[in-house]
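Fold and geometry: a report
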Amino acid sequence: SVPTHLLDAIQDSRRGQSELTSVLGERVRQAVEKLIQSSAANLEGLSVLPSDIYLAATRMIMRCVVALFAEGKGMLGRDMPAYHDSYGIQGLREQLERISLGRPEILIEEPHFAWPRLISLFRLIHSGSSHPQLTTTRYGGTLFEPGDPQSSDPVLRAVAAFESTHPCPRDRDVYEMLLLLTRTFVKVSQGRGARAVPTPVDFSNLDTEYIGILYE
C-alpha cells in the first residue's frame, strides 16, 4: 500500500496545480485582452467577428504558454545560447527585465524587438531547424500554424493580423504580457493575516493535462 504521507503529498501537489491553473487562467485572460488592445492598429477594418479575434488572440498567448512549458521541461533548446539569446521566451523576459530594471513603464513607447522575436520563435517551433547551433524539432500543429490573410478561415486571418510586425505591440506591452504568464501571487502568513507575494511560475512542475485545462 502507498504510505499515507505520500498520498497526502500527491493530493497537495494536485491541489496546488489546480489552484495555479485557476490563477494562470485569469492571467492568461488578462494577457489575451492586453494583446488585443495593443494590436488595435492591425485589427482595424479586419472583416472577422469579435469572437474570431478573441480566439486568435488566445491562440497567440497559448503559444507563449506552451513555449514556456516546453522550455521548462527541457523540450526546446534553452541550454543552447543561440536559442536562449535569440529565440527563447524566458531569455526574452530576462532581457526585457534587464533593460527596464523590472519596471515596464520605463520601456520605450515605440515597437522595438520583442514582438518580432516572439513571432520568430513561433515559426521556429512550427517549422523546426536543422542548424547545428539551433537544432529544433519541427512540431507543426494547429496552435502554431502561421496566419494567412487570404484564408477562408476567419481565425487564421485574425492570426495573420496579430503576427504582423509593422506595426506591432510595443516592448512594454510584450513585457507586461510575459509577466502575466510567468509571475503569480501566493498568500503567505503575516502576523494575524496574510499578504500576496509575487512568485515565478515553475512550468517544469506542471503536467501536460493542466496546459489543456488552461487553454479551455
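For the structure, see preceding data.
Read on for an overview of the structure. Counting of residues starts from 1 at the beginning of each chain's written sequence and follows it residue by residue. Thresholds applied to this predicted model are a pLDDT of at least 70 for local features of residues and 80 or more for the giving and counting of side-chain atom pairs; totals over whole chains, interfaces and linings are not thresholded and use all residues. Only hydrogens and water are set aside; all other atoms, that is, all heavy atoms of the structure, feed into the side-chain values.

**Considerations on the environment of E44**
Condition: Only DSSP runs of H or I reaching four residues or more are called helices, and only runs of E reaching two or more are called strands; each is numbered from the N terminus. Any residue under 20% of the maximum accessible area for its type is buried, any over 50% is exposed, and the rest in between are partly exposed; the area is computed with a 1.4 Å probe on protein chains only.
For E44, the position within the fold is in the loop between α2 (40-43) and α3 (50-72). Given a relative accessible area of 68%, E44 falls into the exposed group. Expressed as a C-alpha distance, the spacing of E44 and A161, which sit 117 residues apart in the sequence, is 9.5 Å.

**Structural notes on the pattern of salt bridges**
Selection rule: Criterion for a salt bridge: a side-chain nitrogen of Lys or Arg within 4 Å of a carboxyl oxygen of Asp or Glu.
Within this structure, the stated rule accounts for eight salt bridges. One network of salt bridges, in which partners are shared, links E26, R29 and E33.

**What to know about the side chain of R157**
To keep things clear, this is the line we draw: Each polar contact in these results corresponds to two N or O atoms within 3.5 Å; when the atoms are within protein, one needs to be able to donate a hydrogen and the other to accept it, and residues that are neighboring in sequence are counted only if both atoms are side-chain atoms. Should any heavy atoms of two residues lie within 4.5 Å, those residues are counted as being in contact.
By the element assignment, R157 lies in helix α7 (residues 154-163). A polar contact is formed between the side chain of R157 and the backbone oxygen of S47, at a distance of 3.2 Å. Aside from chain neighbours lying at most four places away, what touches R157 is L46, S47, V48, D148, P149, S151 and S152.

**Regarding unusual backbone geometry**
Negative phi characterises most residues that are not glycine, and trans characterises most peptide bonds. Here the residue pair H166 and P167 is connected by a cis peptide bond, since its omega of -5° sits within 30 degrees of zero. Inspection of the secondary structure assignment puts P167 in the loop between α7 and α8 (171-182).

**Quick notes on the packing of helix α6 (residues 114-127) against α8**
Heads up, the condition is: Axis definition: a line fitted to C-alpha atoms, limited for helices to the stretch in contact. Angles are taken between N-to-C directions and run from 0 to 180 degrees. Each angle is binned into one of four classes, with values under 35 degrees roughly parallel, values over 145 roughly antiparallel, values of 65 to 115 roughly perpendicular, and all other values oblique.
Taken N-terminus to C-terminus, the directions of α6 and α8 make an angle of 55°; their axes are 8 Å apart at the nearest point. When the axis of α6 is compared with that of α8, the two are oblique. Residue-level inspection shows A114, W115 and L118 of α6 in contact with α8, the latter providing D171, V174 and M177.

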